[in-house]
Amino acid sequence: MGELRAKWKVNVYAWLLLLPSLIFLLLFTFYPVWQTVILSFHQADLGSPEPFFNGIDNYKQMLEDDVFWKVLTNNLWFALGTVPTSVALALGMALFANKALRGKGFIRTAYFYPTVVPMIAVANIWLFIYTPEYGALSHVMDWFGKGDMNWLGDQSNVMWAMIFMVIWKEAGYFMIFYLAGLQNISQELYESAAMEGASAWTVFRRVTFPLLMPTTMFVSIIAFTNSFKLVDHLVIMTKGGPDNASNLLLYYIYETAFSFWDQGMASALTIVMVVLLLAVAAVQFFGLDKKIHYN
Amino acid sequence: MVRKLTSAGMYGLAVVWLFPLLWVVWTSVRPRELATSWTFSADFTLANFAKVWDAAPFAQYYFNTFLIVTGVLVAQIVTATLAAYAFAKLRFWGRDVLFVLFLVQLMVPADILIFPNYNVLRDLSLLDTKIGIMLPYFASAFGVFLLRQTFKTIPHELEEAARMEGCSWLQILWRVYVPLAKPTYIAFGLVSVSYHWNNFMWPLIITNSVENRPLTVGLAIFAQSFETGAQWAEVSAATVMVIFPLVLAFLLFQRQFINSFIHSGVK
Amino acid sequence: MRTVVKSLFSVAMSLVLLTGCSSGTSTTGSSQPGQPAQPGTSETKPAGNTELSFFYPVAVGGPLTKIVDGMAEEFNKENPGITVKPVYTGSYQDTTTKIQAAVQGKTPPDVAVMLSTELHTMMDMNAILPLDEFIAKDGGNEYVKDFFPGFLANSQVDGKTYSIPFQRSTIVLYYNKAAFKEVGLDPEKPPTTWDEMAEYAAKLTKDGRWGIEIPSSGFTYWMYQALALQNGKNLMTEDGKKVFFDTPENVEALQYWVDLAKKHKAMPEGVIEWATVPSDFLEGKTAMMFHTTGNLTNVKNNAKFDFGVAFLPAKKNYGSPTGGGNFYMFKGTDEKKQEAAWKFIRFMTEPKRAAQWSIDTGYVATRKSAYEEEIMKQYVKDFPAAAVARDQLEYGHAEFSTHNNGKVTKALNDNLQAVLTGKADAAAALKKAQEEADKVLASFNK
């Protein structure tokens, strides 16, 4: 009997401990998602003062909306452009920063500092860099006699310009995770590899990279999520233009909700985003996670 | 040879990486007429900063941001510590299910839910308040995971010893676990502060008035406020003012910053 | 569900007390040194004091908030029972978003300056007060008639007035007289027709300088509207329910715009950023530019060369859309505040104040009597360019405004940008825009 009471006590304690977090989780993650699901099945825009149920009309409209598809594909290309590159670069930076003989602190600072700069400030700075004629990039291209380019005003360039800027911002952050991971690799492994006369590349391939896999997975997921979350720069730089060439899903949601006041559609779009991110999470936690953790 | 080349390349990359920062600082101290040209002259001025300080209430923005960031951090530490202990050390009913729920927050963060959360705040009549900005972030799945991992590594014997001395569970937490997890707290604190200092979209839609507007929104509004076209010198000055504290803090404490990350076992 | 949520929430609030912050603690807003006590702080105010929240967007030139704060201070002094609290809410777009959000949140501001084009959307949201009653009580017909008709066009629907013009503009052609002289053009003879403009622009183009720049980001539709008006009629009906994008005249207008870059090579290709055009002009990177008259004071203060301002060149006729912001009042505010707000609006639009505002910013003074004020007469004498925008008002038309303004404008902007970046041709893109707009406006045409 005492044991049961003890167990009961533990349960109560545990739930009390979790209560504060749970309240906020409920209020600001689960309840809103639930509300959004419901609202996504209603027509709630400027033409309908009272929201009314309209089944899957919002979703149908969304699938027929060219801008939606553009925005979705943009986001996927954007993820493709930023995730592998920034992760790979971060790994390279970490390897270098770990081994650098001179100015280790300088190197780490130089790579990492963009992380502490707000995206909004980053956008301001890069908007100026990318400005044709007297932006920094124009000046530099001038030196090399390459003539001017309208980086943000041309559909073919704008994505690349954005991708590069985001890589600049993010790579340093991921570098830290790799630095942490590298610390955890026991020196003995390197020593025994050295004794066998393995080349640097082989060491990397056989020792470093596999042992960093958990870090790589972790960092990739964060990078992928970020590529959907990061839209601050669009507010300052292109607002999604030209002609939606740089538009991303979250920014489209923002436009739909706060510019068009089409709440039904904004809800439907939010649900699409939530489902997408959850799907990625599922892949990581139920699929890959099992395969790459050695413990 | 290859090594020398990659070395040089990486140093070069560091210079390229530094360039935007140098550029914006440079432009902010040039007189506005010279802001867009690359002539080297000895002309430097602080007039841009004076103008910016005058034109928008940056002092208020600093204060707001500071309040928001601190408020969120304190709340997060409290809620995350409690929850992490429960997950790390207690066996209880529904533990795995709840854990998955926390996981969901990691994948569906408040940033994605700006629109529905806006509606929630509206229902609570908390629009245009600093509290409103902070609330959705009070529960931090990230913090819970970090701390749980750390707590797990703390040997159970310590807790048992404390219990035998008659400590209540709250005291055990405070006396045993929290001090041992200090590096984790620092790492988490740095991530949280950095994140909320930089947060933009959410405060943008929540705040209207100057009393509640943080730095990021203030900067954006300032930069976009020129119907006459971008005033690069002033925008650069404003940008420098906004990023200065964090960059300075980072420069001074970068070793601790990075080390705490490494040692907190963030994988 | 909501009450459960609310009670859970209040439990959680105990945590919040740790942080010790509340929305009530406000250090005064725009803290300018040397200014008298800021309006709106909770200090000792006589009982029965009416406080008005006043949202306003960008001004042009000068320390933005100072000028408006100054005017509010004056009003507060002259009206001891009323305190106006100005809240600077960012760009026009930001301000509109803020106001719409506030309306949705059932806490509208008491008075605000917002784009005149938001009229139909505001009416759809049932957010704004019709002003005729207030006009009848205080101001009357002479007041309304004193505003330039070009500006009233975006303020009235079905003969009812819903907003009062405050900071309004038209697009004008700025041109670099020194550059003109350089290539052998008469600096006192700016181009007056489309053909002339293309010809001059081509002549003025050289390495490191373009002949002309017409911005195509941000307010793409606005610039396009000018060209369309110069070739025919406006892009929408007055009631904001129908749009006309794919008429042959409009296609011709768009083609002309594209040709300036493609054919005549006098303008950069691709989207030209709104924010950089004025600095381009001041740097001499472009010899001519289309831009808002609101830029006038900025250009005047910063141009190192002799410059001129002219009507936009004509095709079939001169034409320009108006632009800028009006005063609005909102439903859901209490009566006392409404009366106070109306007083404030009358104050801000008094002729001498309108004149001063125009001089400080470059916007057109919205009332005819403002141009009779001494300070204005003197200013126009010293600086004739100031009168150009006003004179062009004869050919001014309502700015593009429809129901569901946001969506329709986006459809037009996107397709215009597609053509300007060479990804679509004018006729096809305008047809697409027309179809998209028709779809959006369908529910208003039932």
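- Going by the annotation in an unreviewed UniProt entry, the name recorded for chain A is ABC transporter permease, with Brevibacillus parabrevis given as the source organism.
- What the UniProt record of chain A gives under Sequence similarities (unreviewed entry) is the line "Belongs to the binding-protein-dependent transport system permease family."
- The Subcellular location (unreviewed entry) comment attached to chain A in UniProt states, word for word, "Cell membrane".

**Description of the overall build of chain A**
(1) Moving on: Looking only at helices and strands, one finds 13 helices and two strands in chain A.
(2) Moving on: Radius of gyration (C-alpha) of chain A: 24 Å, far over the 19 Å computed for a compact globule of 295 residues.
(3) Moving on: In terms of overall dimensions, chain A has C-alpha extents of about 85 × 75 × 30 Å along its principal axes.
(4) Moving on: When each of the 295 residues of chain A is scored for burial, the buried share is 51%.
(5) Moving on: In chain A, of all internal contacts separated by at least 6 residues, the share reaching a separation of at least 24 is 67%.

**Overview of the overall build of chain B**
(1) Moving on: Within chain B, the regular secondary structure consists of 13 helices and zero strands.
(2) Moving on: Along chain B, helices and strands appear, N-terminal first, in the series α-α-α-α-α-α-α-α-α-α-α-α-α.
(3) Moving on: Whereas a compact globule of 267 residues would reach a radius of gyration of roughly 18 Å, chain B reaches 23 Å, over 25% beyond that.
(4) Moving on: For chain B, the C-alpha atoms occupy an extent of roughly 75 × 65 × 30 Å along the three principal directions.

**What to know about unusual backbone geometry**
(1) Moving on: Phi is positive for Trp-261 of chain A, close to 55°, though the residue is something other than glycine.
(2) Moving on: Within the fold, Trp-261 of chain A resides in the loop between helix H12 (249–258) and helix H13 (263–292).
(3) Moving on: We classify Trp-261 of chain A as buried; it has 23 C-beta atoms within 10 Å.
(4) Moving on: Notably, Asp-128 of chain B is not glycine yet its phi reads approximately 55°, a positive angle.
(5) Moving on: Looking at where Asp-128 of chain B falls in the secondary structure, it is placed in the loop between helix H5 (114–123) and helix H6 (130–134).

**So, the environment of Ile-107 of chain A**
(1) Moving on: Mapped onto the elements of the fold, Ile-107 of chain A is located in helix H4 (residues 104–112).
(2) Moving on: Residues Ile-107 of chain A and Phe-96 of chain A lie 11 residues apart in sequence; the distance between their C-alpha atoms is 8.7 Å.

**Focus: the UniProt feature "transmembrane region" (unreviewed entry) in chain A**
Residue and element names in this part refer to chain A.
(1) Moving on: When the UniProt feature table is mapped to this numbering, "transmembrane region" (unreviewed entry) covers residues 12–34, 76–98, 110–129, 158–182, 203–224 and 265–288.
(2) Moving on: In this annotation, residues 76–98 is assigned 100% helix and 0% strand; the end-to-end C-alpha distance for the span is 32 Å.
(3) Moving on: Between the end C-alpha atoms of residues 158–182 the distance is 35 Å, and the span holds 100% helix and 0% strand.

**Some details on the interface of chain A and chain B**
(1) Moving on: Taken together, the contacts link 70 residues of chain A with 70 residues of chain B.
(2) Moving on: At 18 residues, helix H1 (residues 2–39) of chain A tops the list of elements feeding residues into the side of chain A that touches chain B.
(3) Moving on: The residue inventory of the side of chain A that touches chain B, partitioned by class, reads 52 nonpolar, 15 polar and three charged.

**Concerning helix H3 (residues 92–104) of chain C**
Residues three or four positions apart in an α-helix share a direction because the helix packs 3.6 residues into each turn.
(1) Moving on: Over its 13 residues, H3 of chain C runs 18 Å from end to end, which matches the ideal 18 Å to within 8%, given 1.5 Å per residue.
(2) Moving on: Counting buried residues along H3 of chain C, 11 of its 13 residues qualify, which places the element largely inside the surrounding structure.
(3) Moving on: Within the span of H3 of chain C, buried status applies to Tyr-92, Asp-94, Thr-95, Thr-96, Thr-97, Lys-98, Ile-99, Gln-100, Ala-101, Ala-102 and Val-103 of chain C.
(4) Moving on: Structurally, H3 of chain C contributes buried residues whose contacts are with H12 of chain A, helix H11 (201–206) and helix H12 (215–224) of chain B together with strand S1 (50–56), strand S3 (111–115) and strand S10 (320–329) of chain C.
(5) Moving on: After H3 of chain C finishes, the residue Lys-106 of chain C shows a positive phi value of roughly 65°.

**Quick notes on helix H19 (residues 426–441) of chain C**
All names here are of chain C.
(1) Moving on: Taking 1.5 Å as the rise per residue, H19 with 16 residues should run 22 Å; its terminal C-alpha atoms sit 22 Å apart, in good agreement.
(2) Moving on: Those residues of H19 that fall on the buried side of the exposure criterion are Ala-426, Ala-429, Leu-430, Ala-433, Glu-436, Ala-437, Val-440 and Leu-441. Each buried residue of H19 lies within a common arc of 130° when the element is viewed along its axis, so the set occupies one face.
(3) Moving on: Those residues of H19 that are buried are in contact with helix H11 (248–262) and helix H18 (405–420).

**Considering the interface of chain C and chain A**
(1) Moving on: Counting residues at the interface gives 33 residues for chain C and 25 residues for chain A.
(2) Moving on: Per element, the largest residue contribution to the side of chain C that touches chain A is six residues, and it comes from helix H1 (residues 2–19) of chain C.

**Brief notes about the packing of helix H3 (residues 58–89) of chain B against helix H10 (residues 182–198) of chain B**
Residues and elements named next belong to chain B.
(1) Moving on: At a minimum axis separation of 9 Å, H3 and H10 run at an interaxial angle of 140°. Here H10 runs oblique to H3, going by the angle between their axes. Considering only the axes of H3 and H10, their crossing is right-handed. Residue-level contacts link Thr-65, Ile-68, Val-69, Val-72, Leu-73, Gln-76 and Ile-77 of H3 to Tyr-185, Gly-189, Ser-192, Val-193, His-196 and Trp-197 of H10.
(2) Moving on: Of the residues belonging to the contact of H3 with H10, the class tally is eight nonpolar, five polar and no charged.

Each value, and the rule that gives it
Residues numbered from 1 in each chain as written. Chains lettered and ligands numbered in written order. Predicted model: local features only at pLDDT ≥ 70, side-chain atom pairs only at ≥ 80, totals over all residues. UniProt positions renumbered as here; feature names shortened; annotations may be inferred. Helix = DSSP H or I, 4+ residues; strand = E, 2+ residues; numbered from the N terminus. Rg over C-alpha atoms; globule rule 2.2 N^0.38 Å. Buried ≥ 20, exposed ≤ 12 C-beta atoms within 10 Å, placed from the backbone. Contact = placed C-beta atoms within 7 Å. Nonpolar A, V, L, I, M, F, W, Y, C, P; charged D, E, K, R; others polar. Expected span 1.5 Å × (residues − 1). Arc of directions from axis to C-beta. Axes fitted to C-alpha atoms, helices over the stretch in contact; angles between N-to-C directions. Parallel < 35°, antiparallel > 145°, perpendicular 65-115°, else oblique. Left-handed = near helix turned anticlockwise from the far one by under 90°.

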